[in-house]
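# What the coordinates show
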Amino acid sequence: MAEAADIQGTGPSPARRWLRRTITVAFGAPLLAGLLQAPATAAPAPAAAPAPAAATAEDAAVSKTVDVSLDTLAPSAPVEGDTVTLTGTVTNRGKKAVTDATVDLRVGPQMTSRSEIEQVSGRTGYRPYSDPAPLEDAPEVKIPRLNPGLSADFSFSVPVSDLGFDEAGVYQLGVSLSGQTSDHRYDRVLGIERTFVPYQPEATEKRTQLTYLWPLISSAHVSAETATDDQQTPVFEDDALAAELKPGGRLDELVSLGKDLPVTWVVDPDLLASVDAMANGYRVKDGPLHVPGKHQALAERWLDSLEKAVQGHKVVALPFADPDLASLAHRGKDVPGSLGHLQSATALAGTTVETILHVQPATDFAWPVDGAVDPSIVAVATSAGADKVIARSDSVRDDLPYTPTAARPFSNGTTAVVSDALLSTAFDGDMVRTENSTLAVQEFLAQSLAITLEQPEDQRSVVVAPQRVPTVAQAQTMAAALRGLSAKRWSQPSDLLAAAAAKPDPDASTAVPAGSRYPKKLRDRELPVQAFRDMKTTRDELDDFKVILTAQYRVVPPFTNAINREMSTSWRGQARAAALYRINVLEYLQTLTEGVQLVDKSDLTLSGRSATIPVTVQNKLLQDVHLVLRLTSGSKNRLNLSGERYKELPVKISGGHSQSVKFSASANVNGQVPMTAQLYTEDGTPYGQPMTFTVKVSEITATVMLVIAGGVLLLVLAGVRMYSQRKRVAARNAEAEAAEAEADTAPEETEPLPESGAAREADPGADTPREPEAASEEPDTDEPEQPSDPTPDTGPESGDPSGTGEKVDR
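Keep in mind that this is a model prediction, so the values were computed, not measured. (Residues numbered from 1 in each chain as written. Predicted model: local features only at pLDDT ≥ 70, side-chain atom pairs only at ≥ 80, totals over all residues. Heavy atoms only, no water.)

Bringing the overall build of the protein chain into the picture now. Looking only at helices and strands, the protein chain features 20 helices and 30 strands. Put simply, of all contacts in the protein chain between residues at least 6 apart along the chain, 79% involve residues at least 24 apart. Of the roughly 40,300 Å² of accessible surface on the protein chain, a fraction of 52% belongs to carbon and sulfur atoms. (Helix = DSSP H or I, 4+ residues; strand = E, 2+ residues; numbered from the N terminus. Contact = heavy atoms within 4.5 Å. Areas by Shrake-Rupley, 256 points an atom, 1.4 Å probe, with all protein chains shown as cover.)

Okay, here's the thing in structure tokens:
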């Protein structure tokens, strides 16, 4: 590996050298071609290299044989007296070895516009008519041989005075490798890389006000579920957020870098709420189980760092969970209730940020995806209270030769803050490779200087809105670019609130782009209409469920936040994951609603004119519920409830208990009567599924009553007859006893005569003792009492159906 040679003194400017070489090539090529022609009789001459002016399209392909990687350029914005150091690597991508190679520096003329910078940055391969010649008297790096697949490092250190910068401006700086291969024994440019050097040795009279947004946004991690404890410990779908919070993680890096940068923090309140939940204890789904989270201390440390980092900075709070405004405008606004989700998300934003970070955020900014807007997006964005929309210049286009101030009024009274598209997308790519990061920083600085030099007499305000979720490498590259502006020679930092209040450029566009201009690639990644229908279903079921609860605060906020998360922009490109999240939220809500239900009954038999019919309601929730239970008879003529076809009774059930509700019924006609039990909320909305069962009525008819009356009459007559017989027997016994007494008092004692048979018949019981008569009992004619209702809290009951042949009390 060769070392860079030292350069002494200064030479002509790059522009003059580039012009001089072009003229030399143009006039010298024909002469050189004539001299190289040999007579037909002459001995064969060695093959001569073609003239540079004869370069064809093949040059571009050949110049990609070697990959030139420019890894560092320091300082990124040099001034007089600085020494520019460049390091990098050359790699042979071809199939043949490269020999006698030289790595050169090429400095182009000053660039006159932003569009020229953009064009040069998009070039690949060597362009002999547009790329400058190697810098004269500049250091060279010699590489004798570079085999296929191998690499070699290079390094240059060049004083700024030797680069030939004539005046302030943006200059193209190229690094090329020229060499030979076995099939081309002459020097050719086999690889080249271009970058830009912003040269502004002194501060401009008017510096551009530059606002850089620093987004703290993540995807949804918290489910709708909470633990059963008093703290309602949240349950996370996964523990992936911890990887972003740990040292070196994405969110940790954003906070570590942003605290020392002049940026406006743009925060998703859901991220703060999620990390705050972690810091206070959380659980994570592990299959059917919920296991304790392990990163409480990590979350506490990150929140503490963020709170310190935002002090003294402006903070903008997006609506909770960063809702996808474009999807809502194009797919969801026609689904009833969808705009209500945006309003609740906006209302929650300010209080969440203020509670956690102890700063007062701005909540009147809306940020559609990639700053793309149309009339429907603007209308939706402002429907929840935001009166400022962060757009982008590739959506709101200005037909001007310069970059206007970002703020401008839209025709509907909304303030549009139009971020610069080139600056905002400068770090979208893969910034892990050092080369990509270096080139992105240099182009960003060059574009920012070019904006100032477009109209140096006018100060303008420019906003940069980068990608919503930058990676670690992208965040580090953005920070490097902002540090390159720290000298404030052509720009000075500002914040989003000041940018929105800046005086608009009178020539800037104030028209909202038509819907037909909305990019198809963005429209194809929007949330589907079905997503908003699912949200409506969840919201409707939540509204029906919450009215029966005595502690709504335990249920409503977790589900409301979950519905807001279903509308997040983070689901773009993750259609399956988004659908699964929505399904999980709805299924969990349905599990809770089914915790309050009617216990199935078997058919009943009613053997009488009146009875009570019990219906059991079960509450598996951890809080009390209050509903109305309606029992309806399928045939009022056969069986009615207090004279009506249906009867309603209020019911309040303690958490984890069941209650039996009893209805008084009256039967008129025999037969089977279908009965329907249905729970209702107190406002008359059906709750849950109805339960049906059958009551078999066996009424006592008039004929049966006559038979029973006849039997009773017979029993009475029999009793009267028995009573009369007993009285006659008793009278005869009394007479016999009187006759015996008279005989005992007679004066003569005579032998008793044998008792005649008639006498024995008259007193059949005279020889045997009589049994004492049992005391008669009068039958109890009182009807049995109706069973009383149990207390509201009966304790847990089985939810199984009652046994067959169940009878009710009359």
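Read on for the rest.
So, on to the packing of aromatic side chains. Tallying each qualifying case throughout the model produces nine aromatic pairs. An angle of 50° between the planes, with centres 6.3 Å apart, marks the rings of Y212 and W214 as tilted. Exposure class is identical for Y212 and W214. Each is buried. Aromatic rings pair up to connect Y212, W214, F427 and F444 into one cluster. Over the ring of W367 we find R468; its NZ or CZ atom is 4.4 Å from the centre of that ring. Of note, K601 hangs over the ring of F693, and the distance from its end group to the ring centre comes to 5.9 Å. (Phe/Tyr/Trp six-rings, centres within 6.5 Å; stacked < 30°, edge-to-face > 60°. Buried < 20%, exposed > 50% of the residue type's maximum accessible area, 1.4 Å probe, protein only. Lys NZ or Arg CZ within 6 Å of the ring centre and 35° of its normal.)

Over its 18 residues, helix α16 (residues 529–546) runs 26 Å from end to end, which matches the ideal 26 Å to within 8%, given 1.5 Å per residue. Taken together, the buried positions of α16 are A531, F532, M535, T538, R539, L542 and F545. Looking down the long axis of α16, one finds its buried residues gathered within 145° of arc, a one-sided arrangement. The elements touched by buried residues of α16 are α8 (325–332), α9 (338–357), α17 (556–566), α18 (575–593) and β29 (686–697). (Expected span 1.5 Å × (residues − 1). Arc of directions from axis to C-beta.)

There is a patch of nonpolar side chains on the surface, built from L713, L714, V716, L717 and V720 and spanning about 480 Å² of accessible area. Of note, V716 is situated in helix α19 (residues 702–744). What makes V716 partly exposed here is its relative accessible area of 45%. (Patch = residues over 30% accessible without salt bridge, like charges linked within 9 Å, V, L, I, M, F, W, Y side chains within 5 Å. Salt bridge = Lys/Arg side-chain N within 4 Å of Asp/Glu carboxyl O.)

Leaving glycine out, the prevailing phi sign among residues is negative, and the prevailing peptide bond configuration is trans. A cis amide bond, omega -5°, links A74 with the succeeding residue P75. Of note in this structure, Q232 is not a glycine but carries a positive phi near 50°. The exposure class of Q232 is buried, given its relative accessible area of 14%. Not every positive phi belongs to a glycine, and K488 is a case in point at roughly 60°. With respect to the helices, strands and loops of the structure, K488 is situated in the loop between α13 (472–484) and β20 (491–494).

Our next topic: the packing of α8 against helix α10 (residues 375–383). Interaxial distance between α8 and α10 falls to 8 Å at its minimum, and their mutual angle equals 110°. Considered as vectors, α8 and α10 are oriented roughly perpendicular to each other. Where α8 crosses over α10, the handedness of that crossing is right-handed. When α8 is examined against α10, the residues L325, A326, L328, A329 and H330 are found in contact with a partner set consisting of S376, I377, V380 and A381. Its residues assigned to classes, the contact of α8 with α10 comprises seven nonpolar, two polar and no charged. (Axes fitted to C-alpha atoms, helices over the stretch in contact; angles between N-to-C directions. Parallel < 35°, antiparallel > 145°, perpendicular 65-115°, else oblique. Left-handed = near helix turned anticlockwise from the far one by under 90°. Nonpolar A, V, L, I, M, F, W, Y, C, P; charged D, E, K, R; others polar.)

In this section: the pattern of salt bridges. Enumeration over the complete set of coordinates arrives at 27 salt bridges. We note a salt bridge from R392 to D394, for which the minimum N-O separation is 3.0 Å. Residue R392 is classed as buried on the basis of its relative accessible area of 12%. Residue D394 is classed as partly exposed on the basis of its relative accessible area of 36%.

Now for the sheet that holds strand β25 (residues 639–641). Spatial strand order, β21-β23-β27-β25: four strands in an open sheet with antiparallel pairing. The sheet is open, and its two edges are formed by β21 (596–598) and β25, each paired on a single side. Pairwise comparison of adjacent strand axes, ignoring direction, gives a mean angle of 35° for this sheet. Of the pairings in the sheet, the one linking strand β23 (residues 610–619) to strand β27 (residues 657–667) comprises ten bridges and is antiparallel in character. The partner of S610 across the bridge, within β27, is S666. (Pairing = 2+ DSSP bridges.)

Before going further, it helps to examine the side chain of Q209. Here Q209 is to be found in strand β8 (residues 208–216). Look at Q209 and you get buried, because its relative accessible area is 16%. At 3.3 Å, the side chain of Q209 forms a polar contact with the side chain of Q492. Excluding anything up to four places from it in sequence, Q209 contacts Q459, R460, S461, V462, Q492, P493 and S494. (Polar contact = N/O pair within 3.5 Å; in protein donor to acceptor, adjacent residues only side chain to side chain.)

Overall, the predicted model of the protein chain reaches an average pLDDT of 84, with 82% of residues at or above 70. Across residues 746–794, confidence stays below pLDDT 50; counting only partners more than four residues off in sequence or on other chains, it has 22 contacts. (pLDDT = per-residue confidence, 0-100.)

What follows concerns the environment of V547. The residue V547 is located in the loop between α16 and α17 in this model. Sequence separation between V547 and V625 is 78 residues, and the spatial gap between their C-alpha atoms is 8.8 Å. With residues up to four places along the chain from it excluded, the contact list for V547 reads Q552, H626 and T681.

A word on the side chain of S274. By secondary structure assignment, the location of S274 is in helix α6 (residues 269–279). Apart from the residues within four sequence positions on either side, S274 is in contact with V222, F236 and L241.

By the burial criterion, the buried members of α10 are S376, I377, V378, V380 and A381. Once α10 ends, the next one or two residues include G385, with phi positive near 115°.

On the secondary structure map, T195 appears in strand β7 (residues 184–199). Here T195 falls in the buried class, since its relative accessible area comes to 1%. Along the primary structure T195 and V175 are separated by 20 residues, whereas in three dimensions their C-alpha atoms are 8.6 Å apart.

Attention now goes to the sheet that holds strand β3 (residues 98–111). Reading across the sheet, the four strands line up as β4-β3-β6-β7 and stay open at both edges, with antiparallel pairing between neighbours. Looking along the sheet, the strands with just one partner apiece sit at the ends: β4 (141–146) and β7. Neighbour-to-neighbour, the strand axes of the sheet open up by a mean angle of 25°, direction not taken into account. With nine bridges connecting them, β3 and strand β6 (residues 169–181) associate as antiparallel partners. Paired with Q110 across the bridge in β6 is Y171. Contacting β3, β6 and β7, helix α3 (residues 114–121) runs over the sheet at an angle of about 145° to β7. Contacts from helix α12 (residues 434–454) reach β6 and β7, with the element oriented near 55° to β7.

Our next topic: the pairing of strand β2 (residues 83–92). With seven of ten residues buried, β2 lies mostly within the body of the structure. Pairing analysis gives eight bridges linking strand β1 (residues 66–74) to β2, with the strands arranged antiparallel. Paired with V68 across the bridge in β2 is V90. Looking at chain direction, β2 and strand β5 (residues 151–159) are connected through nine bridges and run antiparallel. Paired with G88 across the two strands is F154, which belongs to β5.

Moving on to the pairing of β6. For β6, the tally of buried residues reaches 13 of 13 residues, placing the bulk of the element in the interior. Two strands pair when backbone bridges link them, and β6 and β7 are joined in this way by twelve bridges, in the antiparallel orientation. In the sheet register, L177 faces β7, and the bridge partner there is G191. Adjacent in sequence and paired antiparallel, β6 and β7 are bridged by two residues.

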